[in-house]
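# Secondary and tertiary structure notes
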Amino acid sequence: MSKDGWQRVKRLFEVAVEQPPSERSAFVLAAVAGDEAVRREVEALLEADDAEADISKRWPAASQSLLAEL
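Residues numbered from 1 in each chain as written. Predicted model: local features only at pLDDT ≥ 70, side-chain atom pairs only at ≥ 80, totals over all residues. Heavy atoms only, no water.

### Considerations on the nonpolar core
Counting 10 residues, the largest nonpolar core consists of Val9, Leu12, Phe13, Ala16, Val17, Val28, Val32, Val38, Val42 and Leu46. Those elements that provide at least two residues to this core are helix H1 (3-16), helix H2 (24-32) and helix H3 (36-69). Here this core gets four residues from one element, more than from any other, and that element is H1. Among all residues touching Val32, those that are not within four sequence positions of it are Arg8, Leu12, Val38 and Arg39. (Core = buried A, V, L, I, M, F, W, Y, C linked by side-chain atoms within 4.5 Å. Buried < 20%, exposed > 50% of the residue type's maximum accessible area, 1.4 Å probe, protein only. Helix = DSSP H or I, 4+ residues; strand = E, 2+ residues; numbered from the N terminus. Contact = heavy atoms within 4.5 Å.)

This is the structure:
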C-alpha cells in the first residue's frame, strides 16, 4: 500500500474509533468507497483496538484475583 493509502487508513481509523461501536462498520463501508484494501486495514486496526480495550478492562479484576490468591 502506498504512503497515501496508509495515511488514509490512519485518518479513517481515527474517525472510526470515535464512532459508537454499533456504527463503525457502516461508517467504514461508506468512507472507503469500495476500496477493499483500505477497509480491511481499518477494520483490522479497529479489532486490535477493541481487543486492547477488553484486556484493559479485565486487568484490574484479574490482578485483584491473583493478589488475593497470594
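Moving on from the model shown.
### Looking at H2
All of the buried residues along H2 are Arg24, Val28 and Val32. Axial view of H2: buried residues confined to an arc of 50 degrees, hence all on one face. Of the residues in H2, the exposed ones pointing more than 90 degrees away from the buried face are Ala26, Leu29 and Ala30. Just downstream of H2, Ala33 is the residue with a positive phi angle, here 50 degrees. (Arc of directions from axis to C-beta.)

### Structural notes on unusual backbone geometry
Phi at Ala33 takes a positive value of approximately 50 degrees, unusual for a residue other than glycine. Topologically, Ala33 is positioned in the loop between H2 and H3.

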